[in-house]
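So the chains spell out like this:
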Amino acid sequence: MKPLKHVFVSSLIAATFLGGSSALAAGLSADALLSSNGRILSDVSTFAGSGDFEDHNGAALSAAFRAPGSVVQLADGSILVADTRNHQIRKIAGGNVTTFAGPELIVSKNSNGFPTGGLLDGKANEAFFNEPTGLAVDAKGNVYVADSGNNAIRRIDANGQVTTLAGNGVLGNKDGKGASASFNHPTDVAVTADGIVYVADSLNHVIRKIAVDGSVSTLNAATGRAIEIRPGEASFAGEYQDGSLLTAKFNEPSGLALDSKGNLYVSDTGNQRIRYIDLKAGTVSTLAGSTSGDVLYAKNELYASGDYADGDALKAKFDFPKGLAVTSEGGVLIADSLNHAVRYLLNGKVTTIAGTVKTGESDGVEQAAEFYRPSDVLVTAQGNIVVADSLNNKVRKIAPYQLPTNIGNDKQVKVVSGSSLISFDAQPEFQDGRTMVPVRAISETFGYEVKYAERAGKSIVQLTKGDATIELTIGEKSISRKDAGHNTAVTIETDVSPYVKQGRTYVPVRFFAEQIGLDVQWDAPHQTAILRAKSYLK
C-alpha cells in the first residue's frame with residue numbers, strides 16, 4: 001500500500017504551483033483502508049482548542065477560540081485559523097497557538113462582554129477585523145480574508161502588512177474598483193496562481209471576482225425571489241438555477257474551492273447543494289445534493305429543506321454545507337455544518353468521512369466522532385484533514401488510519417490494537433468464517449484478567465476488568481456480560497463458539513472486542529483484524 005504521506009506531499013506541491021489554498025489535497029480513497037460500510041478508516045482528535053468560548057493563546061490544547069470559521073495551511077506547515085468571533089487570525093504551529101493578525105489583546109467589548117471588531121489596515125498586530133470567516137493563501141504566501149462583518153476582502157502580505165483589497169466596510173452590492181465596490185457578508189475566498197480572487201458574497205447570493213488591479217465584478221445573476229420575512233416586511237432571498245453563468249442563481253453560497261483546471265466548486269448553502277462553475281465554458285451545474293418533494297422552497301422560506309443521506313450524488317442530502325477542499329483524485333471534502341459531519345464527494349457518490357447528525361465533541365473513530373457545526377476543511381501536507389469545528393470552539397484533526405509498518409502480507413491472520421500489532425503465543429486462525437484468537441493475549445492487551453471455571457459441567461472463560469465481567473462458554477455460541485449495578489447478565493448470541501486447541505482457548509475476536517466497546521474492522525489484503533477504541537474525550 002502506498003504511504004499516504006507521499007501522496008499528500010506531492011499534492012501540496014501541486015497546490016503551490018496552482019496558487020490555491022484548497023486546491024489538490026490528497027488521494028483519499030485510493031490509499032485509504034475502508035470500513036465495512038465504505039467509510040474511510042480514520043481517527044478524529046482535537047488539534048487545538050479547549051472548547052471554551054474564549055481567546056487564550058498558548059499550548060494548542062489549552063488555547064481557546066470563539067467560533068473558528070476557516071482553516072488554511074501555510075507553506076511552512078503551520079495552520080491559520082479565522083477566529084471569527086474573536087475578530088482575529090490565529091496561528092497553530094509547534095503545538096502552540098499565537099495571534100497571526102489582529103490585536104492580541106481585546107480592545108473593546110459589547111454589552112454581552114464579547115470582543116467587538118473593527119476595520120483598520122496596517123501592521124498585522126495593529127490591524128482590526130470584524131468576524132473574519134474565510135481564508136485562502138496564494139503561492140507567494142499572501143493570505144486573503146473574507147472579512148464578513150466588515151463586508152470587505154482583506155489581504156495580509158508576507159511581510160505582515162494588512163490592506164483592504166476590496167470593499168469599504170459598508171454593506172452593499174456594487175461592482176467597482178477597490179473601496180468603491182461593496183459586499184454583503186462575504187464568507188469565503190479562493191485565489192488563483194495569477195492573483196485573481198473569487199468571493200462567495202453570501203447574502204448577495206452571488207460569486208464575485210476581484211481582478212489583479214482590484215476591480216470587482218459579479219459573475220452570476222442577481223436573485224429576484226422576494227419573501228415576507230415578517231408581517232408587512234419583505235426581503236430578497238436566494239434562488240436556484242443551473243445553466244449559463246450569466247443567468248445562474250445561488251442561495252447564500254458560502255464555500256469555494258478551485259480545482260486543477262482553475263474552475264470553482266461552490267457550496268450553495270441555502271440550496272443544500274454543491275455546484276460547479278466552469279469558468280472557461282461559462283456554465284454552472286449541480287454536482288451533488290437534492291431536496292425532498294417537488295417544491296424547492298416552501299412559502300416564505302429562505303432555504304431549501306436540509307436533510308442527510310449518502311449515496312448517489314444527485315440523490316444525496318446536505319444540511320447547510322459550507323467549507324470545501326479539493327483532493328488530487330478529483331474529490332471534494334465538504335463541511336456539512338448542520339449535519340455535523342465531514343462528507344466526501346467522489347465519482348458521483350457522497351460518503352461520510354466522520355461525524356454524525358448528533359451534535360457533540362467526542363473524539364474517536366470516524367463513525368463515533370462528533371462535531372458541532374463544522375464550517376471548513378483542509379487537507380494538510382502531512383495527510384490529515386483539519387476541521388474548523390465552529391460551535392465546539394475547536395480545531396479538529398482527522399487522521400486516515402494506517403496499519404502498523406511491521407504488518408506483513410504473509411497470508412497469516414493478524415490482529416492489531418490501534419497502531420500496534422498484538423503478539424500471540426499461538427497463531428490466530430479462521431473458524432466458520434470468523435477470526436479466532438487465543439483468549440489470554442487478546443484479553444490482557446485490553447487489561448482484562450482471564451479466569452477459568454466449571455459450572456454445571458460446562459467450561460467457562462471469565463474475563464474481568466473493574467466491575468465488568470464477560471463470560472464465554474466453551475462449545476456454546478453466546479457471550480454474556482454483567483456490569484456493576486445490574487442484577488442480571490446480558491447475553492448475546494454469536495455464530496461461532498469458543499474452543500480449546502493445543503491447550504489454548506480460542507475466542508471470536510469480533511464478539512469479544514465489541515463487548516468491550518471496540519470498533520472492529522477487517523482488512524482482507526493483509527488478513528488483519530483492526531481493533532480501535534470507538535470514542536474518547538480529551
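Everything quoted here is computed from the prediction, not taken from an experiment.

Explanation requested: the overall build of the protein in the structure shown.
Helix and strand counts for the protein come out as 4 helices and 46 strands. Along the first, second and third principal axes, the C-alpha atoms of the protein reach 90 × 50 × 45 Å. With 538 residues in all, the protein has 55% of them scored as buried. Across the protein, every contact between residues at least 6 apart in sequence was considered, and the portion connecting residues at least 24 apart equals 48%. Approximately 22,100 Å² of the protein is accessible, and the part contributed by carbon and sulfur atoms is 50%.

Mind showing me how you'd approach unusual backbone geometry here?
Negative phi characterises most residues that are not glycine, and trans characterises most peptide bonds. Despite not being glycine, H205 shows a phi value in the positive range, around 65 degrees. Along the polypeptide, H205 turns up in the loop between β14 (197-201) and β15 (206-210). Of note, H340 is a non-glycine position whose phi angle comes to about 55 degrees, a positive value. Relative to the helices and strands, H340 is located in the loop between β26 (332-336) and β27 (341-346). With relative accessibility at 7%, the residue H340 sits in the buried group.

Can you walk me through the environment of V162 in this structure?
Here V162 lies in strand β11 (residues 161-166). The class for V162 is buried, based on a relative accessible area of 1%. Residues V162 and N57, spaced 105 residues apart in sequence, show a C-alpha to C-alpha distance of 21 Å. Setting aside its immediate chain neighbours within four residues, V162 contacts D121, G122, A124, A127, F129, R154, R155 and I156.

In this structure, what is going on with the UniProt feature "repeat: NHL" (unreviewed entry) in the protein? I would like to understand it.
UniProt records the feature "repeat: NHL" (unreviewed entry) at residues 129-159, 171-213 and 250-280, using the numbering of this structure. In residues 129-159, helix accounts for 0% and strand for 52%; the two terminal C-alpha atoms are 18 Å from one another. Across residues 250-280, helical content stands at 0% and strand content at 55%; the span's end C-alpha atoms are separated by 19 Å.

Is there a simple way to explain the sheet that holds strand β23 (residues 283-288) in this structure?
Within a sheet, adjacent strands bond to each other through the backbone by hydrogen bonds, running parallel or antiparallel. Ordered in space as β19-β23-β22-β21-β20, the 5 strands form an open sheet in which the pairing is antiparallel. Edge positions in the sheet fall to β19 (243-244) and β20 (253-258), since each of these pairs with one other strand and no more. Relative to strand β21 (residues 264-268), β20 runs antiparallel, the two being bridged by 5 bridges. From the neighbouring strand, P253 faces β21, where its bridge partner is D268.

Hey, could you run me through the pattern of salt bridges in this one?
When the charged atoms of two side chains with opposite charge come close together, those side chains can pair. One pass over the full model with this rule turns up 29 salt bridges. In this structure, E239 and K249 form a salt bridge, with 3.2 Å as the shortest nitrogen-oxygen distance. Separated by 10 residues along the polypeptide, E239 in the loop between β18 (233-237) and β19 and K249 in the loop between β19 and β20 bring together distant segments of the chain. Relative accessible area serves as the criterion here: at 18%, K249 is assigned to the buried category. Close ionic contact of E370 with K358 constitutes a salt bridge, the shortest N to O distance being 3.0 Å. Of this pair, E370 sits in the loop between β29 (363-365) and β30 (374-379) while K358 sits in the loop between β28 (349-355) and β29; the two residues are 12 residues apart in sequence, bridging distant segments of the chain. The class of K358 is exposed, set by a relative accessible area of 52%.

Just to check I follow, could you spell out the side chain of R343 for this structure?
Among the structural elements, R343 can be located in strand β27. A polar side-chain atom of R343 sits 3.1 Å from the main-chain carbonyl oxygen of K317.

Explanation requested: the pairing of strand β5 (residues 88-93) in the structure shown.
With 5 bridges joining them, strand β4 (residues 79-83) and β5 adopt antiparallel strand pairing. Residue pairing across strands places A82 opposite I89, the latter belonging to β5. Here β4 folds back onto β5 in antiparallel fashion, the turn holding 4 residues, of which H87 has a positive phi close to 60 degrees. Relative to strand β6 (residues 96-101), β5 runs antiparallel, the two sharing 5 bridges. In the strand pairing of β6, R90 is matched with T99.

Would you take a moment to explain the sheet that holds β14 for this structure?
Read from one edge to the other, the open sheet built from 5 strands follows the order β12-β16-β15-β14-β13, with strand pairing classed as antiparallel. The open sheet terminates on both sides in strands that have one partner only, identified here as β12 (176-177) and β13 (186-191). Two elements, β14 and β15, share 5 bridges in a ladder whose sense is antiparallel. Residue pairing across strands places D201 opposite V206, the latter belonging to β15.

Quick notes on the rules
Residues numbered from 1 in each chain as written. Predicted model: local features only at pLDDT ≥ 70, side-chain atom pairs only at ≥ 80, totals over all residues. Heavy atoms only, no water. Helix = DSSP H or I, 4+ residues; strand = E, 2+ residues; numbered from the N terminus. Buried < 20%, exposed > 50% of the residue type's maximum accessible area, 1.4 Å probe, protein only. Contact = heavy atoms within 4.5 Å. Areas by Shrake-Rupley, 256 points an atom, 1.4 Å probe, with all protein chains shown as cover. UniProt positions renumbered as here; feature names shortened; annotations may be inferred. Pairing = 2+ DSSP bridges. Salt bridge = Lys/Arg side-chain N within 4 Å of Asp/Glu carboxyl O. Polar contact = N/O pair within 3.5 Å; in protein donor to acceptor, adjacent residues only side chain to side chain.

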